[in-house]
Amino acid sequence: MDFSLSPEQQRFRDDLRGWLHENLGDFAPSGRAQSAETAAPLETIGRRAQVEIERGRAWQRRLFEGGYAGISWPREFGGRGGSIIEEMIFNQELAEAKTPPLINVIGLYMAGPTIIAHGTDAQKSRYLAPLLRCDEIWCQGFSEPNSGSDLASLQTRAVRDGDRYVINGQKVWTSLAHVAKWCILLTRTGGEKYGGLTYFIVDMESPGVEVKPLRQITGDAEFNEMFFTDVRVPAENILGSEGEGWRVAMTTLMHERASLGVGLQVRSRIALEELRTLARATMEDGRSRAADPLVRQRLAQLFIECEAMRFNGYRGLTRMLRGEQPGPEGSINKLMWSEVNQRIADAAMEVMGPAAMLSPDDPDSPGEGRWSYLLLRSRANSIEGGTSEVLRNILAERVLGLPRSR
Ligand SMILES: Cc1cc2nc3c(=O)[nH]c(=O)nc-3n(C[C@H](O)[C@H](O)[C@H](O)COP(=O)(O)OP(=O)(O)OC[C@H]3O[C@@H](n4cnc5c(N)ncnc54)[C@H](O)[C@@H]3O)c2cc1C
């Protein structure tokens, strides 16, 4: 792969940098990962999160108005019509500038591309523009209490009744369900494990949809339980056709894995740079922690791992630029990213020493509590988007050609 940017790609990057310089002002990072109220009641957390949601919405709208939402989406659907290299540059520049996260991430990287691939013309014209403008937030209702890694065993049932389907069941870990207008919902309409699944677009304001927040170890409540009781959904809200849900869901998951691969390794590299700054600034017995040979070795090892992720990401990109399907590189990078992120947080704790125990709102807490937040939040990285055990199985079977695990 040629690592240099073409003149056109450089122009895209420079224009984006200029635009970010002019537009990021009100959205610049506050320096605090989260407030200290980890033991606050859920309603308080909900209200605080609401402020972040509204800020995220406003940021995505600003990006849309600047022509920077849906970088690689076709122009006919309101996107920029760019290449996946431009999408990569976009993700890198946003990470470097420490912009707020893209709040409608499930819409932009999962629901939207699935609608583009499988939707009817009516679905494309109804859903895509409000998604890009962030007028409507999306969530993903795949996982259930007894179906996560083995997704196709799910039991939420949809039964046809005239021109509607009646949906009953429970989903869990549904990120953003508390603010979403639409849900991409995978249901069972038949007995066959894979052939009995159907994929719906469900209005979260429908009668019978109940959302209950789940509080995480960080104190945030990013995700929810969802209960469906006799929820009536028009047949025209099926994405694909009845019984085709598995194939449509694979499009969603393929895009999830590919988007994780493009954006996340940059965020790990930035976290590592911040860790290096922390090590330099932290003093112990009059010496910088960065002078400790053990700390230096750990930082060097993490740097090597971040570089390996970067080049592995390029391998995946090269494959996609050749028009091939995303390969196992996405699984390698998801596995590496989650573990490297956890190792960066562990290393930060060691660098900080006893100061790591200070509460995030303590004025002496290094990084205003962001490291203890990362330590707690990164525990979820090896579960969300495919667990590390399952990814190792995929790599063992599909890359190394080892016998199937079961
Ligand atoms: C922060 C976060 C956000 C999430 N957001 C969403 C969302 O928006 N929408 C959504 O649908 N889901 C979401 N999820 C759910 C996520 O996709 C599932 O948690 C994940 O797929 C694992 O499923 P599970 O929790 O049911 O665990 P299980 O599949 O029950 O796994 C339990 C344990 O068994 C191991 N295991 C399972 N099968 C095997 C095997 N074959 N070989 C070896 N080990 C195995 C797993 O690695 C794990 O350690 C989210 C999860 C997190 C943590």
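Provided above is the structure to which this section pertains.
So, here's what we can say about the structure. (Residues numbered from 1 in each chain as written. Predicted model: local features only at pLDDT ≥ 70, side-chain atom pairs only at ≥ 80, totals over all residues. Heavy atoms only, no water.)

Some words on the overall build of the protein
Threshold: To qualify as a helix, a DSSP run of H or I must reach at least 4 residues; to qualify as a strand, a run of E must reach at least 2; elements of each kind are numbered from the N terminus. Atoms counted for the radius of gyration: C-alpha only. Globule rule: 2.2 Å times residue count to the power 0.38. Relative accessibility decides the category of a residue: with a 1.4 Å probe and only protein chains considered, values under 20% of the type maximum give buried, values over 50% give exposed, and everything between is partly exposed. Any two residues whose heavy atoms approach within 4.5 Å at even a single point are treated as in contact. Accessible surface is estimated by sampling points in the Shrake-Rupley manner with a 1.4 Å probe; for residues, cover comes only from the protein chains shown. Think of it this way: Lys and Arg go in the positive column, Asp and Glu in the negative one, and His and the chain ends go nowhere. Where a charge lies is defined by one atom per residue type: Lys uses NZ, Arg uses CZ, Asp uses CG and Glu uses CD.
Of the regular secondary structure elements, the protein holds ten helices and nine strands. Taking 2.2 N^0.38 as the reference for a compact globule, 406 residues should give roughly 22 Å; the C-alpha atoms of the protein span a radius of gyration of 22 Å, in line with that estimate. The principal-axis extent of the C-alpha atoms belonging to the protein is close to 75 × 50 × 50 Å. The burial tally for the protein puts 48% of its 406 residues in the buried class. Once local pairs closer than 6 in sequence are excluded, the contacts in the protein between residues at least 24 apart make up 71%. Summed over its atoms, the accessible surface of the protein is roughly 19,600 Å², and 52% of this surface lies on carbon and sulfur atoms. If the 49 positive side-chain charges of the protein are averaged to one point and the 54 negative ones to another, these points end up 3 Å apart.

Looking at a nonpolar patch on the surface
What counts, and what does not: In this analysis, a patch consists of residues with relative accessible area above 30% that form no salt bridge, clustered at 9 Å for like charges and at 5 Å for the nonpolar side chains Val, Leu, Ile, Met, Phe, Trp and Tyr. Any carboxyl oxygen of Asp or Glu within 4 Å of a side-chain nitrogen of Lys or Arg constitutes a salt bridge here.
Side chains of V399, L400 and L402 sit close together on the surface and give an oily, nonpolar patch of about 280 Å² of accessible area. Inspection of the secondary structure puts L400 in the segment after α10 (388-399).

Digging into the packing of aromatic side chains
Aromatic ring pairs are defined here through the distance separating the ring centres and the angle between the ring planes. This is how the line gets drawn: Within 6.5 Å between ring centres, the rings of Phe, Tyr and Trp (the latter by its six-membered ring) count as paired, and their orientation is classed by plane angle as stacked under 30 degrees, edge-to-face over 60, tilted in between. A positively charged side chain is recorded as over a ring if its NZ (Lys) or CZ (Arg) lies within 6 Å of the ring centre. The angle to the ring normal must also be within 35 degrees.
Overall, the coordinates contain twelve aromatic pairs when judged by the stated rule. Measuring from ring centre to ring centre gives 6.0 Å for W19 and W59, while their planes differ by 45 degrees; the resulting arrangement is tilted. With a gap of 40 residues between them, W19 in helix α1 (residues 7-23) and W59 in helix α2 (residues 42-65) connect regions that are remote in the sequence. Each ring, one from W19 and one from Y68, has its centre 5.2 Å from the other, and the planes form 55 degrees; the classification is tilted. Taken together, the positions of W19 in helix α1 and Y68 in the loop between α2 and α3 (84-96) put the pair 49 residues apart, joining distant regions of the chain. A relative accessible area of 5% means that Y68 is categorised as buried. The lysine or arginine in question, R310, covers the ring of F311, its NZ or CZ lying 4.8 Å from the ring centre.

A few points about the pairing of strand β4 (residues 182-188)
In plain terms, the rule: Between any two strands, pairing holds if DSSP finds at least two bridges.
With respect to burial, β4 is a largely interior element, seven of its seven residues being buried. Along β4, one buried face is formed by W182, I184, L186 and R188 and the opposite face, lined by C183, L185 and T187, is buried too. By the bridge criterion, four bridges tie strand β1 (residues 138-141) to β4 in an arrangement that is parallel. Each residue of the ladder has a partner; that of C139, found in β4, is C183.

Some words on the packing of helix α4 (residues 105-118) against helix α5 (residues 121-133)
Worth spelling out the cut-off: To get an axis, fit a line to the C-alpha atoms, keeping to the stretch in contact for a helix; angles then go from 0 to 180 degrees between the N-to-C directions. The cut-offs work like this: below 35 degrees is roughly parallel, past 145 is roughly antiparallel, 65 to 115 is roughly perpendicular, and the gaps in between are oblique. Crossing handedness is read from the near helix: turned anticlockwise from the far helix by less than a right angle, it gives a left-handed crossing, and turned clockwise, a right-handed one. Throughout this entry, Asp, Glu, Lys and Arg are counted as charged residues, while Ala, Val, Leu, Ile, Met, Phe, Trp, Tyr, Cys and Pro are counted as nonpolar. The remaining residues, Gly among them, count as polar.
Two numbers describe how α4 lies on α5: the axes approach to 10 Å, and their chain directions differ by 165 degrees. For the element pair α4 / α5, the angle class is roughly antiparallel. Of the two possible hands of crossing, α4 and α5 adopt the one that is left-handed. Across the interface between the two elements, G107, L108, G112, I115 and I116 from α4 touch Q123, K124, Y127, L128, L131 and L132 from α5. Per-class residue counts for the contact of α4 with α5 are seven nonpolar, three polar and one charged.

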